[in-house]
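Read off the chains here:
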Amino acid sequence: MGPLRLAYSPCPNDTFLFRAWVQGLIPGAPRVEEQLEDIDTLNLMALRDKADVVKISMHAFAHLRGSYALLHSGGAMGRGCGPLVVAPKDGRLRPAPSLQRVAVLADELARVRVALPGELTTAALLAGLFSGGLKQPVIMPFDDIMPAVAAGEVEAGVIIHEGRFTFGSYGLRRLIDLGEWWEEFSRLPIPLGGIAVSRGLAPEIQAEIEHAVRASLEHARAHPDEAMTYVGEHSQEMDPDVCRRHIELYVNDFTLDYGEEGRDAIQQLLDAAACFGVVPPSDKGLFWDD
């Protein structure tokens, strides 16, 4: 059997996670050929069956449950780590500090141009659920969103990744934290993304992949300085402090294993999306060993 096709993003949490595996530091782990792409491209790769193991948004996974299953390890889930909706500080859109203002903001966002980091990102899913459906979504790479909002090309933008730490430098303000909004609604952590494995692989290969991802994360936690060297090679334009904060936020105990709480969080988000007709319903299990 040839090497597996492994695809993930150059974001610090992913490179921190996969470094040990791709550099051959996990004994007995399957060989891989890695490809690093932004999350929107990764979602499209999975839709086209271009990867055996791939980091995808939970929104995309909802459309892919017939061909991919989640690993228990490697996911991006937590509290206080969801996407933010931002707008210019001097713009007409105002933050939502109260329930009444939340309803007003949801209606306002539904009517204006809102930049999204990909049609199948979980950020896009949450923005749609919050607003009741965006009428003027504008899809663009996630790192173009803050400049576009600041330039007035769109009225608001949904930002992810390190944008949580840097939006103020663009003269932007937070309108609402969609992660906090969802957490308040569900009483569960927000499931942003996960590592999906092709259902076409044999169960024993899927099990080896699960072990490799978990062991790679454990290796990174045990050797953080070595892992950060690899992380830095793929985040050269990112401030080192922002890079560390990024990892601290998105790599947590849920990354090691979703657990029952994580399973419940994923199921509730996908059920809500299916209820609103945003994603198709599915009777497939969430995980490879379900």
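Now for a description of the structure that goes with this document. (Residues numbered from 1 in each chain as written. Predicted model: local features only at pLDDT ≥ 70, side-chain atom pairs only at ≥ 80, totals over all residues. Heavy atoms only, no water.)

**Structural notes on the overall build of the protein**
No. 1: A tally of regular secondary structure across the protein gives 13 helices and 11 strands.
No. 2: In terms of overall dimensions, the protein is globule-like: its C-alpha atoms have a radius of gyration of 18 Å, near the 19 Å expected for 290 residues.
No. 3: When the backbone C-alpha atoms are referred to their principal axes, the protein occupies close to 55 × 45 × 30 Å.
No. 4: For the protein, the residues scored as buried account for 56% of the 290 residues in total.
No. 5: When the accessible area of the protein is evaluated, it comes to approximately 12500 Å², of which 50% is carbon and sulfur surface.
No. 6: Taking the average location of the 26 positive side-chain charges in the protein and that of its 41 negative ones, the two points are 6 Å from each other. (Helix = DSSP H or I, 4+ residues; strand = E, 2+ residues; numbered from the N terminus. Rg over C-alpha atoms; globule rule 2.2 N^0.38 Å. Buried < 20%, exposed > 50% of the residue type's maximum accessible area, 1.4 Å probe, protein only. Areas by Shrake-Rupley, 256 points an atom, 1.4 Å probe, with all protein chains shown as cover. Lys, Arg positive; Asp, Glu negative; His and termini not counted. Charge placed at Lys NZ, Arg CZ, Asp CG, Glu CD.)

**Quick word on the packing of aromatic side chains**
Aromatic rings considered in pairs are described by the distance between their centres and by the relative angle of their planes.
No. 1: Under the counting rule described, the total for this entry stands at 6 aromatic pairs.
No. 2: Aromatic pair F130 and W181: ring centres 5.3 Å apart, planes at 85°, arrangement edge-to-face. Note that F130 is positioned in helix 5 (residues 122–131) and W181 in helix 8 (residues 178–186), a separation of 51 residues in sequence.
No. 3: F130 sits in the buried class, given a relative accessible area of 8%.
No. 4: Between W182 and F185, the aromatic rings sit 5.2 Å apart at their centres with planes inclined by 40°, giving tilted as the arrangement. On the criterion of helical spacing, the pair formed by W182 and F185 is a turn pair, its members being 3 residues apart in helix 8.
No. 5: By relative accessible area, which is 56% here, F185 ends up exposed.
No. 6: An aromatic cluster is present here, built from F130, W181, W182 and F185 joined pairwise through their rings. (Phe/Tyr/Trp six-rings, centres within 6.5 Å; stacked < 30°, edge-to-face > 60°.)

**Brief notes about the packing of helix 5 against helix 8**
No. 1: At a minimum axis separation of 10 Å, helix 5 and helix 8 run at an interaxial angle of 65°. Helix 8 is crossed by helix 5, and the crossing has left-handed handedness. Counting all contacts with helix 5, which are made through A123, L126, A127, L129 and F130, the residues of helix 8 involved are L178, W181 and W182.
No. 2: Residue composition of the contact of helix 5 with helix 8, grouped by class: 8 nonpolar, no polar and no charged. (Axes fitted to C-alpha atoms, helices over the stretch in contact; angles between N-to-C directions. Left-handed = near helix turned anticlockwise from the far one by under 90°. Contact = heavy atoms within 4.5 Å. Nonpolar A, V, L, I, M, F, W, Y, C, P; charged D, E, K, R; others polar.)

**A few points about helix 8**
No. 1: Among the residues of helix 8, those classed as buried are L178, G179, W182, E183 and S186. Summarising the axial view, the buried residues of helix 8 lie within an arc of 135°, below the 170-degree limit, and thus occupy one face. Exposed and oriented more than 90 degrees from the buried face of helix 8 are E184 and F185. (Arc of directions from axis to C-beta.)

**A look at the nonpolar core**
No. 1: Among the nonpolar cores identified, the biggest contains 61 residues, and V54, L109 and I266 are the most heavily contacted of them.
No. 2: For this core, the leading source of residues is helix 5, giving 7 residues.
No. 3: Ignoring sequence-local partners within four residues, the contact set of L109 consists of V85, L93, V114, F130, L134, A156 and L175.
No. 4: Among the nonpolar cores identified, the runner-up in size contains 32 residues, and A20, V22, V231 and M238 belong to it. (Core = buried A, V, L, I, M, F, W, Y, C linked by side-chain atoms within 4.5 Å.)

Function cannot be inferred from these measures alone, as they are strictly geometric.
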